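Survey of secondary and tertiary structure
Next come the chains, spelled out residue by residue.
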Amino acid sequence: MGDAIVLLEDIVRDYGEGEAATRALDGIDLSLEPGEFSALVGPSGSGKSTLLNIMGLLDHPTSGTVTVDGTPTDDLDDTGVTRLRGRTLGFVFQFHHLLTGFTALENVMMPAAVDRGRFSTDLRERARELLDRVGLGDFKDKNARHLSGGQKQRVAIARALTNEPELVLADEPTGNLDTKTADRVLDLLREINTDTGTAFLIVTHDEELARSCQRLIRLVDGHIVEDERTNSSGTRQKS
Ligand SMILES: Nc1ncnc2c1ncn2[C@@H]1O[C@H](COP(=O)(O)OP(=O)(O)O)[C@@H](O)[C@H]1O
Ligand SMILES: [Mg+2]
């Protein structure tokens, strides 16, 4: 288990204090391995987004340890966290969060450019390749405002891949799309997983989709109640 991308040990996350306190995560132990294509399911309010935010170093647990790419994150300062996150993780959210005043290409480059302080030639080249890969090569100079919902989400996927992350955390990436478009976006994620070995953890409400993933993790009331992998012969096994 030494090479887990993200290792969570006894994670608790409370929101609020006293009477109003909610325990969103209640002792989560979980390890995500390189190359895994996993689904995270559970009822609304079960803690899925909270779990993703903690894995993604966007939020701190109340207690417990988060280790990313072999680095325990407890003692890291903000710069250390940002650097670790930037080189290991990518994010796709339900709402694409594209900057509408900018082109598709600029949106793909933006986080890396902010990091590096400039739009370099190699960054531009990489962004162009990524837009090709998500099938939007011809739309690179189009203003994000004028793209369809599915196209915007493809741009968001390309953007998540800019820094060649080991793991992409996707919180209901197709929740805002019609079924057909959602299927295409998911096929794309699978294709990227197969071609590049990038691991994915995808939050979804779609049980059928979840069962088709290599690994299915189910959260209820802040607890993992199911964690199963499908082996190469298609049989499910408890992890
Ligand atoms: N910022 C917050 N402040 C207070 N409670 C929150 C906050 N975010 C989430 N919660 C609560 O934590 C629990 C888990 O929420 P969440 O992680 O968003 O679940 P899910 O993504 O599975 O719907 C819920 O009870 C929710 O109301
Ligand atoms: Mg959520």
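Provided above is the structure to which this section pertains.
Residues numbered from 1 in each chain as written. Chains lettered and ligands numbered in written order. Predicted model: local features only at pLDDT ≥ 70, side-chain atom pairs only at ≥ 80, totals over all residues. Heavy atoms only, no water.

1. Looking at the nonpolar core
Of all hydrophobic cores here, the largest spans 40 residues; its most connected members are L131, V155 and I157. Every element with two or more residues in this core is listed here: strand 3 (37–41), helix 3 (104–116), helix 4 (121–133), helix 5 (149–160), strand 7 (167–171), helix 6 (179–196), strand 8 (199–203) and helix 7 (207–211). When neighbours within four sequence positions are excluded, V155 is seen to be in contact with L98, A104, N107, V108, L131, L136 and L147. Counting 27 residues, the second-largest nonpolar core is a separate cluster that includes I28, L32, V81 and L89. (Core = buried A, V, L, I, M, F, W, Y, C linked by side-chain atoms within 4.5 Å. Buried < 20%, exposed > 50% of the residue type's maximum accessible area, 1.4 Å probe, protein only. Helix = DSSP H or I, 4+ residues; strand = E, 2+ residues; numbered from the N terminus. Contact = heavy atoms within 4.5 Å.)

2. Focus on the sheet that holds strand 6 (residues 89–92)
As summarised here, the arrangement of the seven strands in space is 6-7-8-3-9-10-11, forming an open sheet in which the pairing is mixed. Each edge of the open sheet carries a strand with a single partner, namely strand 6 and strand 11 (236–238). Pairwise comparison of adjacent strand axes, ignoring direction, gives a mean angle of 20° for this sheet. As paired elements, strand 7 and strand 8 share five bridges and run parallel to each other. Counterpart to D171 in the pairing with strand 8 is V203. Running over the sheet, helix 1 (residues 48–55) touches strand 3, strand 6, strand 7, strand 8 and strand 9 (215–220) and is turned about 155° from strand 7. Across the face of the sheet, helix 2 (residues 78–88) comes into contact with strand 6 and strand 7 while running at roughly 75° to strand 6. (Pairing = 2+ DSSP bridges. Axes fitted to C-alpha atoms, helices over the stretch in contact; angles between N-to-C directions.)

3. Regarding the pairing of strand 10 (residues 223–230)
With six bridges joining them, strand 9 and strand 10 adopt antiparallel strand pairing. Its bridge partner being in strand 10, L216 is matched across the sheet by E228. Two elements, strand 10 and strand 11, share three bridges in a ladder whose sense is antiparallel. From the neighbouring strand, T230 faces strand 11, where its bridge partner is R236.

4. Structural notes on the packing of aromatic side chains
In total, this model carries two aromatic pairs according to the counting rule given. Taking 6.0 Å as the distance between ring centres and 0° as the angle between the ring planes, the aromatic pair formed by F91 and F93 counts as stacked. Owing to a relative accessible area of 17%, F91 belongs among the buried residues under this scheme. (Phe/Tyr/Trp six-rings, centres within 6.5 Å; stacked < 30°, edge-to-face > 60°.)

5. A closer look at the environment of V66
For V66, the position within the fold is in strand 4 (residues 63–68). When the C-alpha atoms of V66 and L30 are compared, they prove to be 9.8 Å apart, with 36 residues separating the residues in sequence.

6. Points about the site of ligand 1
In the vicinity of ligand 1, the contacting residues are Y15, T22, A24, P43, S44, G45, S46, G47, K48, S49 and T50. A distance of 2.8 Å is found between an oxygen atom of ligand 1 and a side-chain nitrogen or oxygen belonging to K48. Separating an oxygen atom of ligand 1 from a side-chain N or O atom of T50 is a distance of 2.5 Å. Notes on ligand 1: free accessible area 560 Å², of which the protein chains cover 57%. For the shell around ligand 1, the secondary structure elements donating two or more residues are strand 2 (22–32) and helix 1. For the shell around ligand 1, the element with the most residues is helix 1, which contributes three residues. (Near = heavy atom within 4 Å. Polar contact = N/O pair within 3.5 Å; in protein donor to acceptor, adjacent residues only side chain to side chain. Areas by Shrake-Rupley, 256 points an atom, 1.4 Å probe, with all protein chains shown as cover.)

That is the geometry; function is a separate question.
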